[in-house]
Amino acid sequence: MKLVTENFLLAISIFFIGTLLSIIISKVSKIFFKKISKRTKTNFDDFIFEVISGIIKPIGFLLSFYFSIDYFFADEITFISVLLNILKLFILIIIIKALNKVLIRSLTESTSKINDSSISSMVSSLTPLIKALTWTIGSIFFLQNIGVQMTAIWALLSAGGIGAGLALKDPVQEFFEY
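If you're wondering where the values come from, they're calculated on a predicted model, not measured in any experiment.

Explain the packing of aromatic side chains here, please?
The description of an aromatic ring pair uses the distance of the two centres, along with the angle that the planes make with each other. Here the structure, examined in full by the defined rule, presents five aromatic pairs. A centroid spacing of 6.0 Å and a plane angle of 50 degrees characterise the contact between Phe-32 and Phe-33, whose relative ring orientation is tilted. Here Phe-32 falls in the partly exposed class, since its relative accessible area comes to 49%. Under the relative-accessibility criterion, Phe-33 is labelled buried at 15%. Ring pairing ties together the aromatic residues Phe-15, Phe-16 and Phe-65, which thus form one cluster. In this structure, Arg-105 is placed above the aromatic ring of Phe-47, and the distance from its NZ or CZ to the ring centre is 4.5 Å.

What is the right way to read the layout of surface pockets from this model?
Picture a little ball the size of a water molecule; that probe, rolled over the atoms, points out where space is still empty. Taken as a whole, the largest pocket spans an internal volume of roughly 310 Å³. Contributing to the lining of the largest pocket are 13 residues, with Leu-129, Leu-133, Thr-136, Gly-161 and Ala-164 lying nearest its centre. Among the elements of the structure, helix 5 (127-145) and helix 6 (151-167) are those that each provide at least two residues to the lining of the largest pocket. Considering each element in turn, the lining of the largest pocket owes the most residues, seven residues, to helix 5. Tallied by class, the residues present in the lining of the largest pocket amount to 10 nonpolar, three polar and no charged.

How should I be thinking about the packing of helix 5 against helix 6 in this particular structure?
Each pair of packed helices gets described by two things: the angle between the helix axes and the distance between those axes. Interhelical geometry of helix 5 versus helix 6 gives an angle of 165 degrees and a closest axis separation of 11 Å. Between helix 5 and helix 6, the angle falls in the class roughly antiparallel. Helix 6 is crossed by helix 5, and the crossing has left-handed handedness. Of helix 6, the residues touching helix 5 (which contributes Thr-136, Ile-140, Leu-143 and Gln-144) are Ile-153, Trp-154 and Leu-157. Its residues assigned to classes, the contact of helix 5 with helix 6 comprises five nonpolar, two polar and no charged.

Mind showing me how you'd approach a positive patch on the surface here?
Taken together, the side chains of Lys-27, Lys-30, Lys-34, Lys-35, Lys-38 and Arg-39 present a region of like positive charge at the surface. Within the fold, Lys-27 resides in helix 1 (residues 2-38).

Is there a simple way to think about a nonpolar patch on the surface in this case?
Residues Phe-8, Leu-9, Ile-12 and Phe-16 make up a contiguous nonpolar surface patch of about 400 Å² in total accessible area. Looking at the element boundaries, Phe-16 is found in helix 1. Residue Phe-16 is classed as exposed on the basis of its relative accessible area, which comes to 53%.

Quick question: what am I supposed to make of the nonpolar core here?
Generally speaking, nonpolar side chains in soluble globular proteins are found buried as a group. Counting residues in each nonpolar core, the largest one holds eight residues, listed as Ile-59, Leu-62, Tyr-66, Ile-69, Ile-80, Leu-84, Leu-87 and Ile-91. Elements with a minimum of two residues in this core: helix 2 (44-72) and helix 3 (78-112). When near neighbours in sequence (up to four residues on either side) are disregarded, Ile-80 contacts Ile-69 and Phe-73.

Criteria and cut-off values
Residues numbered from 1 in each chain as written. Predicted model: local features only at pLDDT ≥ 70, side-chain atom pairs only at ≥ 80, totals over all residues. Heavy atoms only, no water. Phe/Tyr/Trp six-rings, centres within 6.5 Å; stacked < 30°, edge-to-face > 60°. Buried < 20%, exposed > 50% of the residue type's maximum accessible area, 1.4 Å probe, protein only. Lys NZ or Arg CZ within 6 Å of the ring centre and 35° of its normal. 1 Å grid on protein atoms, 1.4 Å probe; cavity = no way out; pocket = protein on both sides within 12 Å on 5 of 7 lines; lining within 4 Å. Points joined across faces, edges and corners; volume = space filled by probe spheres on them. Helix = DSSP H or I, 4+ residues; strand = E, 2+ residues; numbered from the N terminus. Nonpolar A, V, L, I, M, F, W, Y, C, P; charged D, E, K, R; others polar. Axes fitted to C-alpha atoms, helices over the stretch in contact; angles between N-to-C directions. Parallel < 35°, antiparallel > 145°, perpendicular 65-115°, else oblique. Left-handed = near helix turned anticlockwise from the far one by under 90°. Contact = heavy atoms within 4.5 Å. Patch = residues over 30% accessible without salt bridge, like charges linked within 9 Å, V, L, I, M, F, W, Y side chains within 5 Å. Areas by Shrake-Rupley, 256 points an atom, 1.4 Å probe, with all protein chains shown as cover. Salt bridge = Lys/Arg side-chain N within 4 Å of Asp/Glu carboxyl O. Lys, Arg positive; Asp, Glu negative; His and termini not counted. Charge placed at Lys NZ, Arg CZ, Asp CG, Glu CD. Core = buried A, V, L, I, M, F, W, Y, C linked by side-chain atoms within 4.5 Å.

Following this line, the structure appears as structure tokens:
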């Protein structure tokens with residue numbers, strides 16, 4: 001009984017220390033990123049720093065919860081491993097959403113400098129493709145992380161990549177003719 005109580009108290013302390021560290025790191029990173037971004041002329045780095053400092057707290061909370069549960073239930077495998085995989089999935093979702101924001105903002109900022117509206121509309125139509133690509137890569141990363149055999153999925157993705165390459169051959173050629 002004493003060992004369970006000690007493990008529980010240590011798991012709770014891991015959670016609270018991790019939560020406190022994530023709050024402190026979030027505050028310090030906001031101050032640090034503001035100092036760095038004042039030196040630049042563009043707003044894009046401000047946006048990137050804002051996204052990064054915005055995901056530090058949720059990822060820190062989830063990681064501290066993950067490590068405290070992993071420490072307390074180190075011997076049990078069934079339900080706890082499913083719970084830990086769900087926490088990994090939440091962390092991955094937060095990272096992919098932030099990455100999508102940065103990539104789409106980068107794409108729109110790079111095309112806003114071009115005064116041609118047709119190129120801007122064509123490039124802005126690539127946003128669903130970028131989102132699908134990041135979600136696909138993130139899903140593959142997650143599936144591989146939880147132990148799914150990836151050989152069949154890699155074969156399907158390579159065949160799909162060949163098909164997509166053949167299908168997009170003409171539009172890409174037209175895009176680079178501008």
